[in-house]
Amino acid sequence: RKLLAKRTADSFLRQIVETGYFHCDPHPGNLCVNKEGQLVFYDYGMMDELKPNVREGFREFCIALFKGGPFADDITVSSSAKDMVSAVEKMGVLAKGADRLASAKLARFFIRNFKNIQQGKKGANIKTTIGSDLLTLTDDKGGTVFRFPSTFTFIFRAFASIDGIGKGLDPQYDIGKLAQPFIEVFTATSDNGTDLEKFMGRFGQATGLNVKDINTAVTTPRKIAYIEETVREMEQGNLKIRVRCLENERALERLSLSSDVNQALLTASLLVSVGLATEVFLVSALMYAGASGMGLKAFMGMGKVSKFDKKQAKYSQQSFDQE
């Protein structure tokens, strides 16, 4: 049963990652096992194929997510985060022009959280860890930056079916852990990944040496060269540092909302004063009607301010441990 559970995961990953052509409805009624223990799929009425950009992007996303294994160091995670942002942008999930800094920070959180779960650790709360950056990406003012192709609906459906079958066969089934060796083999046998990464993967599997120690020994010269290059860029004045204070941006946004409310209240007060001062009934009625409209606008503005404050409190950053 445990072997069958693993084969269901492998079959799903091979369809999605390798071929890009997959069964959209692999529920238990559409799967069986022959005498040799091989999986047999039925009912090919619901099949789908990933578009080339989605297929390549999804492969790069998986490679970035599993790169370095559960114990990947910070440099690997940061590098993978940049690759992941590029991958989701290639798939069309992330809109071009989205905040790259906030996107990379979200990707780093996602990768580190995933690897912590692989190690058996508890995942962090995204809202309390990177709430301000998440709010920047999900703010409706600039339009949504996340959009999922329709094909993903079928991928999620197939994933849910495969996950349910696997857990039914093996209570310890975890497709995230089963995907790690699959992606490592895929990376080593495909054109993805550098020659060094492929060699390190094969060397670690053959010798059983500590991958973390080998990685530290191999990457130390690269780290030193990176620091030297950064210092040189600073000395030459070529390094541009972008500083962004999200708290100030939110404060200015709230100030703008409050200013609209105050302006509406002042206008309403002015109209009421004019209405009280004039003796012409028609003019007075028009002034009172205008004041009522401004009062309604001010009331709606106060509702926007209250909604803004609640949203800020919901996404307020309370934890600074991003790892």
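These numbers come from a predicted model, not from an experiment.

1. Thoughts on the confidence of the model for the protein chain
Should the pLDDT be low somewhere, the predicted coordinates at that spot are not to be read in detail. Per-residue pLDDT for the protein chain has a mean of 80; in total, 80% of the residues score no lower than 70. Strand β1 (residues 21-23) holds the highest mean pLDDT among the elements of the protein chain, 90, whereas helix α8 (residues 195-207) holds the lowest, 59. Segment residues 318-323 is flagged for pLDDT under 50; beyond a separation of four residues in sequence, or across chains, it makes eleven contacts in the model.

2. Re the packing of helix α1 (residues 2-19) against helix α6 (residues 151-169)
Two elements in contact, α1 and α6, have axes whose closest approach is 8 Å; the angle formed by their N-to-C orientations is 165°. What the angle tells us is that α1 and α6 run roughly antiparallel. Here the hand of the crossing between α1 and α6 comes out left-handed. In this structure, α1 contributes Leu4, Ala5, Thr8, Ala9, Phe12 and Ile16 to the contact, and α6 contributes Ile155, Ala158, Phe159, Ile162, Ile165, Gly166 and Leu169. By residue class, the composition of the contact of α1 with α6 is eleven nonpolar, two polar and no charged.

3. Observations regarding the nonpolar core
Soluble, globular proteins show a tendency: their nonpolar side chains are buried together. If you look at the biggest cluster of nonpolar residues, it comprises 44 residues, and the most contacted ones within it are Phe12, Val17, Phe61, Leu65, Met84, Met91 and Ile183. The greatest single-element share of this core, amounting to eight residues, is contributed by helix α2 (residues 52-66). Once residues lying within four places of it in the same chain are set aside, the contact partners of Met84 are Phe61, Ala64, Leu65, Ala107, Phe110 and Ile111.

4. Re the packing of aromatic side chains
With the rule as written, the count across this model stands at five aromatic pairs. Taking 5.2 Å as the distance between ring centres and 90° as the angle between the ring planes, the aromatic pair formed by Phe66 and Phe114 counts as edge-to-face. Here Phe114 lies in helix α4 (residues 100-118) and Phe66 lies in helix α2, a separation of 48 residues in the sequence. Phe66 gets classed as buried once you look at its relative accessible area, which sits at 8%. For the pair Phe152 and Phe156, a centre-to-centre distance of 6.0 Å together with 70° between the ring planes defines the contact as edge-to-face. With Phe152 and Phe156 both in helix α6, this residue pair falls four residues apart, about one helical turn. The exposure class assigned to Phe156 is partly exposed, which follows from its relative accessible area of 49%.

Rules used throughout
- Residues numbered from 1 in each chain as written.
- Predicted model: local features only at pLDDT ≥ 70, side-chain atom pairs only at ≥ 80, totals over all residues.
- Heavy atoms only, no water.
- pLDDT = per-residue confidence, 0-100.
- Helix = DSSP H or I, 4+ residues; strand = E, 2+ residues; numbered from the N terminus.
- Contact = heavy atoms within 4.5 Å.
- Axes fitted to C-alpha atoms, helices over the stretch in contact; angles between N-to-C directions.
- Parallel < 35°, antiparallel > 145°, perpendicular 65-115°, else oblique.
- Left-handed = near helix turned anticlockwise from the far one by under 90°.
- Nonpolar A, V, L, I, M, F, W, Y, C, P; charged D, E, K, R; others polar.
- Core = buried A, V, L, I, M, F, W, Y, C linked by side-chain atoms within 4.5 Å.
- Buried < 20%, exposed > 50% of the residue type's maximum accessible area, 1.4 Å probe, protein only.
- Phe/Tyr/Trp six-rings, centres within 6.5 Å; stacked < 30°, edge-to-face > 60°.

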